[in-house]
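Single-letter residue listing:
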Amino acid sequence: FSESIKKGSWDAVIASKELKSLKAADALQFLKGKNLDIPFIIVSGRSNEESLIPLIKSGANDYVRKDDMFMLPQVLNNEIENAKLRKKHKKALGKLKESERRFRILAESASDIIYIYKFSPKKGYEFVSPSVESKLGYSVSDFYNDPKFGCKIIYEDDLKIINQIETGKFEF
């Protein structure tokens, strides 16, 4: 089993719980140990579904009883599609993290003041560039600790614009 998995690219693994030569739990543990996201489907002849709970908790994606083998193609297609979606999600998440890392490097090294302020669900600063210390004389923690800190240090006319933005009355 392990040699087969190492040699090829597999869409799914269908394992019988009753095999004597290879236990489904061992095969599943091998896949998880190698960090492989290959759908793992168990075929079981027992009507006692409780015996499958440990395998499902260990990461098996689904099961089909031998009496219901007509369902196997649909279960297999669903799990292969879910694996593709997980792969896409993981790739997109990796790209997002890389983009955030590049933004942070750029923002932290810029001499301009850059900040990200969140209006909802909870108001507050998500990012404040370190340049606020040299430009304004305030620490970054002053902004993080007080969501209204920026409003306390800006001109009155600018504060009116901020209030219009918050209430949705500002026209760009």
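Note that the structure is predicted; figures quoted are calculated from it, not measured. (Residues numbered from 1 in each chain as written. Predicted model: local features only at pLDDT ≥ 70, side-chain atom pairs only at ≥ 80, totals over all residues. Heavy atoms only, no water.)

Tallying each qualifying case throughout the model produces seven salt bridges. Of the charged contacts in the structure, one is a salt bridge between Arg 101 and Glu 98, with a shortest N-O distance of 2.6 Å. Highlighted residues: Arg 101 and Glu 98, both in helix α4 (residues 72-109), separated by three residues, approximately one helical turn. Of the residues examined, Glu 98 reaches a relative accessible area of 30% and is grouped as partly exposed. For Glu 108, the salt bridge goes to Arg 104, with nearest N and O atoms at 3.6 Å. Placement of both Glu 108 and Arg 104 in helix α4 is noted, with a separation of four residues, approximately one turn of the helix. (Salt bridge = Lys/Arg side-chain N within 4 Å of Asp/Glu carboxyl O. Helix = DSSP H or I, 4+ residues; strand = E, 2+ residues; numbered from the N terminus. Buried < 20%, exposed > 50% of the residue type's maximum accessible area, 1.4 Å probe, protein only.)

Turning next to helix α2 (residues 24-33). Residues that lie three or four places apart on an α-helix share one face, since the helix turns once every 3.6 residues. All of the buried residues along α2 are Ala 24, Ala 27, Leu 28, Phe 30 and Leu 31. Summarising the axial view, the buried residues of α2 lie within an arc of 155 degrees, below the 170-degree limit, and thus occupy one face. Exposed and oriented more than 90 degrees from the buried face of α2 are Gln 29 and Gly 33. Buried residues along α2 sit against α1 (2-7), β1 (13-16), β2 (40-44) and α3 (53-57). Downstream of α2 by one or two residues, Asn 35 has phi in the positive range, about 60 degrees. (Arc of directions from axis to C-beta. Contact = heavy atoms within 4.5 Å.)

With that settled, consider α4. Between its first and last C-alpha, α4 extends 55 Å over 38 residues, near the 56 Å set by a 1.5 Å rise per residue. Looking at α4, one finds that the buried residues are Leu 72, Val 75, Glu 79, Ile 80, Ala 83 and Ala 107. Buried-residue contacts for α4 involve β1, β2, β3 (62-65) and β5 (124-128). (Expected span 1.5 Å × (residues − 1).)

Moving on, we come to the confidence of the model for the protein chain. Per-residue pLDDT for the protein chain averages 88, and the proportion of residues at 70 or more is 97%. Taking the mean pLDDT of every element in the protein chain, the minimum, 76, falls on α1 and the maximum, 96, on helix α6 (residues 140-145). (pLDDT = per-residue confidence, 0-100.)

Moving on, we come to the environment of Leu 55. Along the chain, Leu 55 falls in helix α3. In sequence terms Leu 55 and Asp 26 are 29 residues apart; their C-alpha atoms lie 9.9 Å from each other. Residues in contact with Leu 55, not counting those within four places in the same chain, are Lys 17, Ala 24, Ala 25, Leu 28, Ile 42 and Ala 60.

So, on to the environment of Tyr 117. Along the chain, the position of Tyr 117 falls in strand β4 (residues 115-118). The sequence separation of Tyr 117 and Ala 60 amounts to 57 residues, and the corresponding C-alpha distance is 42 Å. A distance of 3.0 Å separates the side chain of Tyr 117 from the backbone oxygen of Pro 147, its partner in a polar contact. (Polar contact = N/O pair within 3.5 Å; in protein donor to acceptor, adjacent residues only side chain to side chain.)

A cis amide bond links Ser 120 with the next residue in sequence, Pro 121, at an omega value of 0 degrees. Along the chain, Pro 121 falls in the loop between β4 and β5. One non-glycine residue, Asn 35, adopts positive backbone phi at about 60 degrees.

Let us now look at the sheet that holds β3. Note: strands within a sheet are paired through backbone hydrogen bonds, in either parallel or antiparallel orientation. What the three strands build is an open sheet, ordered β1-β2-β3; its pairing is parallel. Unpaired on one side and paired on the other, β1 and β3 mark the two borders of the sheet. Ignoring strand direction, the axes of neighbouring strands in this sheet form an average angle of 25 degrees. Here four bridges tie β1 to β2, and the two strands are oriented parallel to one another. What sits directly across from Ala 15, in β2, is Ile 42. (Pairing = 2+ DSSP bridges. Axes fitted to C-alpha atoms, helices over the stretch in contact; angles between N-to-C directions.)

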